[in-house]
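Understanding the architecture of this molecule
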Amino acid sequence: MKHSGDHLPATTRMSSALATLLPSEAKVVREVLDDASAAVDSTAQQLADRVGVARSTVVRTCRKLGYEGYPQFRVALARETPAEPRTGLDSEHEGESMSACSAEARRLTSGVERAMDAVPEDQAERVLDLLCGADSVLVAGNGQSAPTALDFAFRLMSEGLRASTLQDVFGQQIAARQLGPGGLCFLITPSGLNELSVRVAEAAARSEGTLVVMTSNTDSPAAKLADDVLNIVPPLNMFQNELEFVSRLHFALSAEVLARGVRARLVRKAQRDQVLDVVTENLVV
C-alpha cells in the first residue's frame, strides 16, 4: 500500500509525523533527527537502547513513517546523510610518508580485524567440523556477496573438500533442496534480507542437509532458518560504506579465516592418520 508521503525524504517524514506519534515513538524520531549519522550506523536494537525503548517500538515507528521496516528506513536516511570526507591520516600514522592509495587502504581496513569477534570459539570449531566433515558443501551468495561465495568455494576445493557454487539463482535453490544428510549449504548474506538468498535458505532448510548462514543480521529471515549462524561484525561506520562503496571486506576476511581453519584441521588429520598408519603396521598380532 502506497503512502501519500512516499516521495518525501526521511527527515521530512519524521518532522511532519512528530505530532501524530505516540510519546515513545516521538522519542525515537527526535533521537534520529538529533544525530542522523549515528542512526545510520546503528542497528534497530542499538537505537532502541539509546532511546530507552523496546526494539519493537523502533520498528513500529519506521512503519508509521511509511517504511516496511528498519532496514528500509536506515537506507532512506543514509541517502540524506553523506559520509563525512576524510582528509589527512589517522593520528597513529601522522608523520609517516605514504601515498594516497596507502592511506586509503589503511582507512578501509580499520576495524575489519574485529569481523569475527562475535563468533565464540566453540561455534567456530563446530562450523569447521561441519565443513571438514560434510560429504559436499554448497556455497551460496547473491548480489554483492557472489564474489565472496565464489572465492570461498574455490578455497575449500583447493583444500580437497567437495565444494561448489552456482551463479544461477534457480540452480542454487535446486542444489540446496537436494542436499542429503551429509550435505552442507554455506550461505553468505550480510543483510539476511536478499530475497534470492532467503529462497536458498528456505530450500536448504527443507532438505536433509545442514544450513550455515554467515551474516551481520542475526534477526533476518535467512538467519532464522539456519542450523548455525556466524555473526560477522561490520567495522564502525561500515553501513554507509556498504551502501556507497559496496564493501564486503569483513566478509572476505571471515571467509579467509575459515578457509585457513579448514586447512589447519585437514593437515592435523593427515598427520594423525600417518601416525596411526605407522602404529598399525607395527602391531604384533
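Since the model is a prediction, treat every value here as computed from it, not as a measurement. (Residues numbered from 1 in each chain as written. Predicted model: local features only at pLDDT ≥ 70, side-chain atom pairs only at ≥ 80, totals over all residues. Heavy atoms only, no water.)

**So, the pattern of salt bridges**
Inclusion rule: Counted as salt bridges are all cases of a side-chain nitrogen of Lys or Arg within 4 Å of a carboxyl oxygen of Asp or Glu. Helix numbering and strand numbering both begin at the N terminus, where a helix is a DSSP run of H or I of at least 4 residues and a strand a DSSP run of E of at least 2. Under the scheme applied here, a residue whose accessible area is under 20% of the maximum for its type counts as buried, over 50% as exposed, and between as partly exposed, the area being computed with a 1.4 Å probe on protein chains only.
Per the counting criterion, the structure on display carries 12 salt bridges. As a salt-bridge pair, Asp-228 and Arg-126 come within 2.6 Å of each other at their nearest N and O atoms. Of the two residues, Asp-228 sits in strand β5 (residues 228-231) while Arg-126 sits in helix α8 (residues 121-133), which places them 102 residues apart along the sequence. One salt bridge connects Glu-159 with Arg-263, and the closest N-O pair in it is separated by 2.8 Å. On the criterion of sequence distance, the pair formed by Glu-159 in the loop between α9 (146-158) and β2 (163-164) and Arg-263 in helix α14 (residues 249-281) is long-range, its members being 104 residues apart. A relative accessible area of 16% places Glu-159 in the buried class. Classification of Arg-263 as partly exposed rests on a relative accessible area of 45%. Through salt bridges with shared partners, a single ionic network connects Glu-25, Arg-60 and Lys-64.

**Focus on the nonpolar core**
Condition: Here, nonpolar core means buried Ala, Val, Leu, Ile, Met, Phe, Trp, Tyr and Cys residues that are tied together by side-chain atoms lying within 4.5 Å of each other. By definition in these notes, contact holds between two residues if any of their heavy atoms fall within 4.5 Å.
Counting 28 residues, the largest nonpolar core has Leu-131, Val-137, Phe-152, Leu-156, Phe-186 and Leu-230 as the members making the most contacts within it. Of all the elements in the fold, those that place two or more residues in this core are α8, β1 (136-141), α9, β3 (183-188), β4 (210-215) and α14. Filtering out sequence-adjacent residues up to four positions away, Leu-230 remains in contact with Val-119, Gln-123, Val-127, Phe-186, Val-212, Val-213, Met-214, Thr-215 and Leu-258. Grouped together as the second largest cluster of nonpolar side chains are 25 residues, Leu-21, Ala-44, Leu-47 and Leu-77 included.

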